[in-house]
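# Examination of the molecular architecture
Each chain, written out:
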Amino acid sequence: MEENRCRARSVIGEVEKSVVGKTDILRKVMTAILAGGHVLIEDIPGTGKTTLALSFSHAMGLKVNRVQFTPDVLPADLSGFTIYDKASGAFVYQPGAAICNLLLADEINRTSPKTQSALLEVMEEHQVTVDGKTHRTGEPFIVIATENPVGSAGTQLLPESQLDRFMICVSMGYPTAEEEILKREQSIEKTRERIDPVVNAEELIQMQREVKEVFVHDRIFGYIVELAKATRENEWTELGLSPRGTVALTAMAKACAWLNGREYVVPSDVQEIFPCVTEHRIILNMKAKVGHIKKEELIRRVLESVPTPTMRQKY
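Now for a quick tour of the structure. (Residues numbered from 1 in each chain as written. Predicted model: local features only at pLDDT ≥ 70, side-chain atom pairs only at ≥ 80, totals over all residues. Heavy atoms only, no water.)

## Quick word on a nonpolar patch on the surface
- Nonpolar side chains collect at one region of the surface, where Phe 81, Ile 83 and Val 92 lie side by side and expose about 240 Å² of accessible area between them.
- Looking at where Phe 81 falls in the secondary structure, it is placed in strand β4 (residues 80-85).
- Taking relative accessible area as the criterion, Phe 81 reaches 41% and is therefore assigned partly exposed. (Patch = residues over 30% accessible without salt bridge, like charges linked within 9 Å, V, L, I, M, F, W, Y side chains within 5 Å. Areas by Shrake-Rupley, 256 points an atom, 1.4 Å probe, with all protein chains shown as cover. Salt bridge = Lys/Arg side-chain N within 4 Å of Asp/Glu carboxyl O. Helix = DSSP H or I, 4+ residues; strand = E, 2+ residues; numbered from the N terminus. Buried < 20%, exposed > 50% of the residue type's maximum accessible area, 1.4 Å probe, protein only.)

Written out as C-alpha cells, the structure reads:
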C-alpha cells in the first residue's frame, strides 16, 4: 500500500515539472482521480488549465483522447456511431472519443447543450449507448474538463445535472510574480517531454480499490450528512449539496486520508476537500446575491456552524 502511495505522490511530482506553484491544486486533482471521480478546471484563459490536464495524462500511462469543444462538435464525436460495412454486410461500431481511460474535454462550455448531454451517461455509468447497443469505456475512466468563466465570449452555462457529475471543481488562479517568471522561462513542449509515466491503468485501479477500503466511522458519516444538510437548509441557497455530492464528499475524504498515509478518515480530511466538492454544486438565491454573499463565504460559514466530531481513538 505504501508503494502505491509513493507512486501517487510521484504523479504529482511529475506534473509539477510543467505546472509551477500549484501543488495544492495538483493534490486535489490527484485525490479526485484516486476517488474515481471527474475533474472540472474553471478559470480565465492562459492560467494553465489545459497544461495541467495534459500533464496528468502524460504522468499516467492511460489511453487518452482529447476533444476541443466547439459549437460544431456533435454527440457522435463523443459516443461514436455505426456505419454499414459492405464486406461483412453488417453495421460496425466506430468508437467515439469517450472510449478511452482519460478524456480531456477542453473548453467544455463552448459546445452545444446537445453535445454536453452526450457526456451524462458516460460520466455516470462509464458506457455509451449507440443504436440501442451499449459500449463500455476503458477502466479506469476519468474526465478532466476545462472551462472559461461564464460570460466569456462563446460560452454557455453547463446544466446542473452535468456539473453534479464532476466530483470536484478547482480554479488555477493567477501565478505569483516568481511563478510567472519561472513559467515564462519554460518551454511547454520540453517540460512535457520530461514528464515520465509513473503509473499504469492496472496500478491506478489497485490504488482506487485501496481507497475504497479506507474506514469511515459513523460519526464521520454523520458529520458529512450534517454538512450537506447545512448547505440545503440555508437562508442563502436555492440549491444545496445533492445526494451525489454527499457520496462524492465521502469518496474524496477517503482518498485524502489514503494520500495522507492513513487507513481511516478524520474530520480534517472532510474539511480539506469540502470546498472543492461543494462550490460548483451550490446555487445561491436572490437574498445572497443582494447581500453580496459569495459561495466561499457560505462554505466557510457552513464549516463553522456544524460541530466537528471528536474522535477519541484510532479505528
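Now, onward.
## Some details on the environment of Cys 256
- Here Cys 256 lies in helix α11 (residues 243-259).
- Distance from Cys 256 to Arg 27, taken between C-alpha atoms, is 9.0 Å for residues 229 residues apart in sequence.

## A closer look at the pattern of salt bridges
- For the structure shown, the criterion picks out 19 salt bridges.
- Measuring nitrogen to oxygen at the nearest pair gives 2.5 Å for the salt bridge that ties Glu 297 to Arg 300. Note that Glu 297 and Arg 300 are positioned in helix α14 (residues 295-305) at a spacing of 3 residues, about one turn of the helix.
- Residue Glu 304 pairs with Arg 300 through a salt bridge whose shortest N-O separation is 2.7 Å. With Glu 304 and Arg 300 both in helix α14, this residue pair falls 4 residues apart, about one helical turn.
- The partly exposed category is assigned to Arg 300, whose relative accessible area is 37%.
- The structure contains a network of salt bridges with shared partners spanning Glu 124, Asp 164, Arg 165, Arg 244 and Arg 281.

## Describing the sheet that holds strand β10 (residues 168-170)
- Taken in spatial order, the 5 strands make up an open sheet running β3-β6-β9-β1-β10, and their pairing is parallel. Across the chains shown, the open sheet's two edge strands, defined by having one partner strand only, are β3 (64-68) and β10. Looking at each pair of strands side by side, their axes are set apart by 15° on average, direction ignored.
- As paired elements, strand β1 (residues 39-42) and β10 share 3 bridges and run parallel to each other. When the bridges of β10 are listed, Ile 41 appears paired with Val 170. (Pairing = 2+ DSSP bridges. Axes fitted to C-alpha atoms, helices over the stretch in contact; angles between N-to-C directions.)

## Describing the side chain of Thr 115
- Residue position: Thr 115 is located in helix α5 (residues 113-125).
- For Thr 115, a relative accessible area of 0% gives the class buried.
- Polar side-chain contacts of Thr 115 include one of 2.6 Å to the backbone oxygen of Val 73.
- Setting aside anything within four residues of it in sequence, one finds Thr 115 in contact with Phe 69, Val 73, Leu 74, Pro 75 and Leu 78. (Polar contact = N/O pair within 3.5 Å; in protein donor to acceptor, adjacent residues only side chain to side chain. Contact = heavy atoms within 4.5 Å.)

## Let's talk about helix α9 (residues 201-212)
- Taking 1.5 Å of rise per residue, the 12 residues of α9 would be expected to cover 16 Å, and the 17 Å separating its terminal C-alpha atoms lies within 8% of that figure.
- Within α9, burial applies to Ala 201, Leu 204, Met 207, Gln 208, Glu 210 and Val 211.
- Those residues of α9 that are buried are in contact with α1 (2-15), α2 (23-34), β2 (60-61), β9 (142-147), β11 (199-200) and α11. (Expected span 1.5 Å × (residues − 1).)

## Digging into the environment of Gln 116
- Position of Gln 116 among the secondary structure elements: in helix α5.
- Along the sequence, Gln 116 and Pro 159 sit 43 residues apart, while their C-alpha atoms lie 8.6 Å from each other.
- Ignoring any residue separated from it by four or fewer positions in sequence, one finds Gln 116 in contact with Ile 108, Asn 109, Thr 111, Gln 156, Leu 157, Leu 158, Pro 159 and Gln 162.

## Quick word on the packing of α1 against α2
- The interhelical angle for the contact between α1 and α2, taken along N-to-C directions, is 140°, at an axis separation of 10 Å. Relative to α2, the element α1 lies oblique. Seen from above, α1 lies across α2 with right-handed handedness. Note on element contacts: α2 touches α1 through Leu 26, Arg 27, Met 30 and Leu 34, opposite Ala 8, Val 11, Ile 12 and Val 15.
- Taken together, the residues of the contact of α1 with α2 break down into 7 nonpolar, no polar and 1 charged. (Parallel < 35°, antiparallel > 145°, perpendicular 65-115°, else oblique. Left-handed = near helix turned anticlockwise from the far one by under 90°. Nonpolar A, V, L, I, M, F, W, Y, C, P; charged D, E, K, R; others polar.)

## As for the packing of aromatic side chains
- Applying the stated criterion across every chain, the model contains 1 aromatic pair.
- A centroid spacing of 5.4 Å and a plane angle of 65° characterise the contact between Tyr 84 and Phe 91, whose relative ring orientation is edge-to-face.
- Of the residues examined, Tyr 84 reaches a relative accessible area of 47% and is grouped as partly exposed.
- The lysine or arginine in question, Arg 262, covers the ring of Tyr 264, its NZ or CZ lying 5.7 Å from the ring centre. (Phe/Tyr/Trp six-rings, centres within 6.5 Å; stacked < 30°, edge-to-face > 60°. Lys NZ or Arg CZ within 6 Å of the ring centre and 35° of its normal.)

## A word on the pairing of β9
- Burial of β9 is extensive: 6 of the 6 residues sit out of reach of the surface.
- Here β9 shows a buried face lined by Ile 142, Ile 144 and Thr 146 and a second buried face lined by Val 143, Ala 145 and Glu 147.
- Relative to β9, strand β6 (residues 102-106) runs parallel, the two sharing 4 bridges. Bridge pairing in β9 places Ala 105 opposite Ala 145.

## A closer look at the packing of α2 against α11
- Running from N to C, α2 and α11 cross one another at 115°; their axes reach a closest spacing of 8 Å. As summarised for this structure, α2 and α11 are arranged roughly perpendicular, according to the angle between their axes. Read as a crossing pair, α2 and α11 show a hand that is right-handed. For the pair α2 and α11, contact is made by Arg 27, Lys 28, Thr 31, Ala 32 and Leu 34 and by Met 252, Ala 255, Cys 256, Trp 258 and Leu 259, respectively.
- Tallied by class, the residues present in the contact of α2 with α11 amount to 7 nonpolar, 1 polar and 2 charged.

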